[in-house]
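Residues per chain, in single letters:
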Amino acid sequence: MEATIEVTGLRKRFGAALALDGMSFTVQPGQVTGFVGPNGAGKSTTMRVILGLDAPEAGRALVGGRPYASLPYPMRYLGSLLDAGALQPGRSARGHLLWLAFSQGLTAQRVDEVIEQAGLSTVARRRAGGFSLGMRQRLGVAAAMLGDPMILMLDEPFNGLDPEGIVWMRGFLRSLARQGRAVLVSSHLMSELEDTADHLVVVGRGRVVADTSVAALLAAAAGGRVTLRTAAVPEAVTALDRAGAAVAASGDGALTISGLPAERVITLLSQAGVPFSEVSGHRVTLEQAYLDLTREAVEFRAEPAPEVAL
Amino acid sequence: MSSGLIAPRRPGLRPDRASFAQALRAEWVKFRTVRGWVIAMIVAALITVFLGIFAAGNLSIGCQSRPNGPVLTGRACTPHFPIGPDGEAVVDSYYFAHQTLTGNGSITVRVASLTGLYSSNGKGGQNPLAGMTKGLVPWAKAGIIVTDGMRPGSAYAAVMVTGAHGVRMQDNYVHDTAGLTGQATATSPRWLRLIRSGDTITGYDSADGSHWSLVGSTVLTGLRHSVQAGLFVTSPIYTVTAQSFGSSTTHGGPSQATAAFDDISRRGTWPAKAWIGTEVGTGAASPGTGIGYVRVTPGAVTVSGSGDIAPLATGPGASGPVSVFEQPLTGLFAGLIAIVVVAAMFFTVEYRRGLIRTTLAASPRRGRVLAAKATVVGAVAFVVGLVASVLAITLGLPRQRNQGSYVLPASMLTELRVIVGTAALVAITAVMAVAIGAILRRSAAAVTAAIVVIVLPFLLAVTVLPVSVAAWVLRLTPAAGFAIEQSIPHYPQVSSVISPADGSYPLPPWGGFAVLCAWAVVALAGAYVLLRRRDA
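This is a predicted model, so every value here is computed, not measured.

Details of the overall build of chain B
The number of helices and strands found in chain B is nine helices and 21 strands. Taking all 536 residues of chain B together, the buried fraction comes to 52%. Within chain B, contacts between residues separated by at least 24 positions form 74% of all contacts whose residues are at least 6 apart in sequence. Here chain B displays about 22,100 Å² of accessible surface, and carbon together with sulfur accounts for 60% of that area.

Structural data, given as structure tokens:
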């Protein structure tokens, strides 16, 4: 079985609200696919449809070419973590993993393995109700890994993790992808996926806004623009114009040049003897690139927000 | 631990077809790993046992060995009842005008009239007949009988006219078949005939003495060669139950019936010539007045008697402190509440925390999840019910007996049915609560609904509801299942009030249990449909 998730034309509404509006994408093995979009964009709903928990009105979701619900022992194909808080408070971590393991025809030995590996050995017999969110995330990840699946699907796994936990989670997701597994990770914060995701499926209003590799997205967003600060504006414009670049004045006395990389701009100015105080490539973060993409699609935007919570 | 969670690939391991056994095992682990649920189940058993023992030891029976004698308590008060051929306690007291019949033969009579007296205020006194009102109680009986002997509890077959139930053929206390309807009066007398042929006794009736119809036939295994046969009259205690919402009071007293027989003919060998009058079954166990007689005139015989030939019933009309085998199970309703709460919450807590999604992601076949949950809870509840009923009965019955109560005997098989049936009642109730939990998804709503639907009707029926309403509640609601506990069946040929508090139910044991099962099936079907249709 191929380690893929294929989502095709999912459509679903909850009452008057359209939750999924033709959602389509594919998750490939050997890479971490970031599933990004603002709250309410349909990420969690899509994941529930993939797991056969919610029924779509149209479209289908296949795991390795088959509907999830038709898989025998499905957790051996796809391990998932939807909500780390979905625990019976009175049950111990080990008890939680034990029933899951038995439901997949796995043994208690496998439970003890994942407990050990998730670093939960000391708390395994404690009531899960007393766990911190970070510990619950670890327990959830351990549960997803029980069946040693080739496909992992995690909904907001960075939520509630401390910085150390975030570093661990990134390394863990990367190592899964290196082993050839398909990993789908949702987040509403693009920054969480920086240095983690290889591929991005950006969604808004129930549909895919962009389905692209991280490298391509960054390049496209930068658009080859360069910022120039100089006292000799007319000379600089003449020199660059001759080389075929478009030059525009920015509000703060700087010039924005498009069509030429920063190195070429420096070379041209140096040859023409034009003095300049700064030449900088337009540095685009993944978050800015993502913001540009979703400006149209974002449903609810906090109006003037210093930290854009997407 | 960056990649620690990744186990070495096991290429040899092929996922097998997931089986129901795996889902079952998972749900069992879910149950036993929540300590609160396990404790609640133990508490349920303890409540049942303690309430039962308390009820069994709280009968407050007192008696006097002679009028104005010292008041006795405990075993000294235990009444003794004759035991019928089928092993049940019986009432066997009547006035008998009899002769010996040797070998096969028959007797035919005409019942020209049946009249009676009854004590409406329930007072006996020195002369029980003083102050009685004219009238027949419904189950006053007069007719002909063939009996193995006059020791109370003997095997017999009889055909008779009754106060209000027409002609009946009855045998061995518990069997009853209807014949002609209507009362026997001077203008419409009844002819009755009994034929003995070996062990077989056959009864006939006729409205005119020439056209006969078969009422019934029975085999009295091992019937003596020489039997006592003749005319009998008996009349049971008259009871009136006054019902008002919240309470019912019963009063009554002995009654007496008198029948005129004529047109008597006999076939076969009847060595004696005259009728001998015998008062059968007098004493403490007799509900009669003890004043019977036979008067022989040319061509006619008048017999007057009091008492009953019937299975012994509990409740109003029972002679003496009588209780039933299942009495120590009185506390079951309380234990059941705890079990219902756990059973409903076994499903609803998963919705509360979103755990249901984990469950259904692990086992996408939802019907299988429902079945596994119901099976686990049902099995646990069965064991709890079994332990509780065994303990309550083994600890409660001796206390009941030590208090001086006569525990109506039941067959081993019946006792087994009461104990195992109680466990099954608990199990099916729990399964129904699981289904209600799956339907309603919220703990408070599901627990309330389960208690209101299952336990409350029973509590209302045994406490405040008027008897007629209670009877319908115990026919139609899941509370009908409590009938499985009854060790003594309700006999329609005995005037007794149907009251679960006394161990009688309107439906037979398995009939009532079937009603509960039907409810459980409906609830499970609803849960299955909704579980499949709804998003998790």
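The discussion continues.
Describing the overall build of chain A
Secondary structure summary: chain A contains 10 helices and 13 strands in total. With the C-alpha coordinates aligned to their principal axes, the bounding extent of chain A is approximately 75 × 45 × 40 Å. Burial statistics for chain A: of 310 residues in total, 53% are counted as buried. Counting every atom, chain A has about 12,900 Å² of accessible surface; 51% of that belongs to carbon and sulfur. Positive and negative charge centroids in chain A, built from 29 and 30 side chains respectively, lie 7 Å apart.

Re the interface of chain B and chain A
Listed per partner, the contact involves 42 residues of chain B and 54 residues of chain A. Interface area for chain B against chain A, summed over the two sides, is near 3,900 Å², with a carbon-plus-sulfur share of 60%. The salt bridge involving B:D535 is made with A:K12; its shortest N-O contact spans 2.7 Å. Of all the elements in the fold, those that place two or more residues in the side of chain B that touches chain A are α1 (20-32), α3 (332-353) and α4 (355-362) of chain B. Counting residues per element, the side of chain B that touches chain A draws most heavily on α4(B), which supplies seven residues.

Observations regarding the packing of aromatic side chains
Think of a pair of aromatic rings as described by two things: how far the centres are apart, and how the planes are tilted against each other in angle. Residues and elements named next belong to chain B. Counted according to the given criterion, the structure contains 14 aromatic pairs over all chains. Between the aromatic rings of W37 and F346, the centroid separation amounts to 5.3 Å while the plane-to-plane angle is 80°, which identifies the pairing as edge-to-face. Taken as a pair, W37 in helix α2 (residues 35-56) and F346 in helix α3 lie far apart in primary sequence, 309 residues in all. Here W37 matches F346 in class, with each residue buried. Their ring planes at 45° and their centres at 4.4 Å tell us that Y118 and Y238 sit as a pair that is tilted. Pair noted here: Y118 is in strand β3 (residues 90-118) and Y238 is in strand β13 (residues 238-244), with a separation of 120 residues, a long-range link. Take Y118: its relative accessible area is 18%, and that puts it in the buried class. An aromatic cluster is defined as three or more aromatic residues linked by ring pairs; in this entry it consists of W28, F31, W37 and F346. Cation over ring: R193 sits above W212, and NZ or CZ is 4.1 Å from the ring centre.

Brief notes about the sheet that holds strand β13 (residues 278-281) of chain A
All names here are of chain A. As summarised here, the arrangement of the four strands in space is β11-β12-β10-β13, forming an open sheet in which the pairing is antiparallel. Where the open sheet ends on each side, the last strands, each with one partner, are β11 (246-249) and β13. Neighbour-to-neighbour, the strand axes of this sheet turn through a mean angle of 25°, independent of strand direction. Sitting on the sheet, helix α9 (residues 262-272) is in contact with β10 (225-229), β12 (255-258) and β13, with an inclination near 155° to β13.

Some remarks on a nonpolar patch on the surface
Residues and elements named next belong to chain B. A cluster of nonpolar residues, V38, I42, L46 and F50, forms a patch on the protein surface that exposes about 370 Å² of accessible area. With respect to the helices and strands, L46 occurs in helix α2. Residue classification places L46 among the partly exposed residues on the basis of a relative accessible area of 43%.

Quick look at the pairing of strand β5 (residues 78-81) of chain A
A regular strand places its side chains so that they alternate between the two faces of the sheet. Residue and element names in this part refer to chain A. Side chains L78 and S80 of β5 all project onto a buried face; the interleaved residues G79 and L81 project onto the opposite face, where all are buried too. Across four bridges, the pairing between β5 and strand β6 (residues 151-155) is parallel. By the bridge assignment, L81 is partnered in β6 with L154.

So, the packing of helix α2 (residues 93-103) of chain A against α4(B)
One can describe the packing of α2(A) onto α4(B) by two numbers: an axis separation of 9 Å at closest approach and a directional angle of 25°. If you check the angle between α2(A) and α4(B), you find them roughly parallel. Seen along the crossing, α2(A) lies across α4(B) with a hand that is right-handed. Where α2(A) approaches α4(B), its residues A:H96, A:W99, A:L100 and A:S103 are matched on the opposing element by B:L355, B:T358, B:T359 and B:A362. Classifying every residue of the contact of α2(A) with α4(B) by side-chain character gives four nonpolar, four polar and no charged.

Side note on the domain arrangement of chain B
Taken domain by domain, chain B holds domain 1 (25-57 + 324-533) and domain 2 (90-311). Placing a centre on the C-alpha atoms of domain 1 of chain B and another on those of domain 2 of chain B gives a separation of 43 Å.

A word on the environment of B:S487
Residues and elements named next belong to chain B. Summarising the element assignment, S487 is placed in the loop between α8 (467-476) and α9 (509-533). According to the relative accessible area criterion, S487 is buried, its value standing at 6%. For S487 and L413, which are 74 residues apart along the polypeptide, the C-alpha to C-alpha distance reads 9.9 Å. Those residues in contact with S487 that lie beyond four places of it in its chain are V324, F325, E326, A410, T414, R417 and V418. Within the structure, the side chain of S487 is placed 2.7 Å from the side chain of E326, a separation counted as a polar contact.

Points about the nonpolar core
Counting residues in each nonpolar core, the largest one holds 127 residues, and the members touching the most others are A:I5, A:I50, A:L78, A:L97 and A:L184. Sequence-distant contacts of A:L78, that is, excluding residues within four places in its chain, are made with A:I5, A:I50, A:L51, A:V63, A:Y68, A:P149, A:I151 and A:M153. Within the second largest apolar cluster, 37 residues are counted, among which are B:V137, B:V159, B:M169 and B:L220.

Regarding the sheet that holds strand β3 (residues 32-36) of chain A
Residue and element names in this part refer to chain A. With respect to topology, six strands assemble into an open sheet ordered β5-β6-β7-β3-β8-β9, the strand pairing being mixed. Two strands in the sheet have a free side with no partner beyond their single neighbour: β5 and β9 (207-213). The average undirected angle you get between the axes of adjacent strands in this sheet is 15°. Here β3 pairs with strand β7 (residues 182-187) via five bridges, running parallel. Note that in β7 the partner of V32 across the bridge is V183. Running over the sheet, helix α5 (residues 163-178) touches β3, β6 and β7 and is turned about 150° from β7.

Reading the values: rules and limits
- Along each chain, residues carry numbers from 1 onward, in the same order as the chain's sequence is written.
- As a convention, the first chain written is A and the first ligand written is 1, with the rest following in written order.
- Only residues with pLDDT of at least 70 are given local features in this predicted model, and only at 80 or more are side-chain atom pairs given and counted; all residues enter the totals for whole chains, interfaces and linings.
- Side-chain numbers come from the whole structure's heavy atoms, not from hydrogens or water.
- Counting from the N terminus, the helices are DSSP H or I runs at least four residues long and the strands are E runs at least two residues long.
- Note on classification: 1.4 Å probe, protein chains only; a residue is buried when its accessible area is under 20% of the maximum for its type, exposed when over 50%, partly exposed between these limits.
- The contact rule is simple, with two residues in contact once any of their heavy atoms fall within 4.5 Å.
- Only the protein chains shown count as cover for residues, and the accessible areas themselves come from Shrake-Rupley with a 1.4 Å probe.
- Neither His nor the chain ends is counted toward charge; the positive residues are Lys and Arg and the negative residues Asp and Glu.
- To locate a charge, the coordinates of NZ of Lys, CZ of Arg, CG of Asp or CD of Glu are taken.
- In this description, buried area is defined as the sum, over both parts, of the accessible area (probe of 1.4 Å) that is lost when the two are combined.
- Only one rule defines a salt bridge in this text: a Lys or Arg side-chain nitrogen within 4 Å of an Asp or Glu carboxyl oxygen.
- Between rings of Phe, Tyr and Trp, where Trp is taken as its six-membered ring, a pair exists when centres lie within 6.5 Å; planes separated by under 30 degrees are stacked, by over 60 edge-to-face, and by other angles tilted.
- As a reminder, the over-ring test applies to NZ of lysine and CZ of arginine, requiring each to be within 6 Å of the ring centre and within 35 degrees of the ring normal.
- Criterion used throughout: strands pair if DSSP finds at least two bridges between them.
- Every axis in this analysis is a line fitted to C-alpha atoms, fitted for helices over the stretch in contact. Angles between the N-to-C directions lie between 0 and 180 degrees.
- Residues qualify for a patch when their relative accessible area is over 30% and they have no salt bridge, like charges being joined within 9 Å and the nonpolar side chains of Val, Leu, Ile, Met, Phe, Trp and Tyr within 5 Å.
- Just so you know how the angles are binned, under 35 degrees is roughly parallel, over 145 roughly antiparallel, 65 to 115 roughly perpendicular, and the rest oblique.
- For any helix crossing, the convention is left-handed if the near helix is rotated counterclockwise from the far helix by under a right angle, and right-handed if that rotation is clockwise.
- Side-chain classes follow a simple rule in which Ala, Val, Leu, Ile, Met, Phe, Trp, Tyr, Cys and Pro form the nonpolar group, Asp, Glu, Lys and Arg form the charged group, and the remainder, Gly included, forms the polar group.
- These domain limits were set by an automatic method or by a database of domain assignments.
- Between N or O atoms, a polar contact is any pair within 3.5 Å; within protein, one atom must be a potential hydrogen donor and the other a potential acceptor, and residues adjacent in sequence are included only when both atoms are from side chains.
- Among the buried residues, those of types Ala, Val, Leu, Ile, Met, Phe, Trp, Tyr and Cys that are joined through side-chain atoms within 4.5 Å form a nonpolar core.

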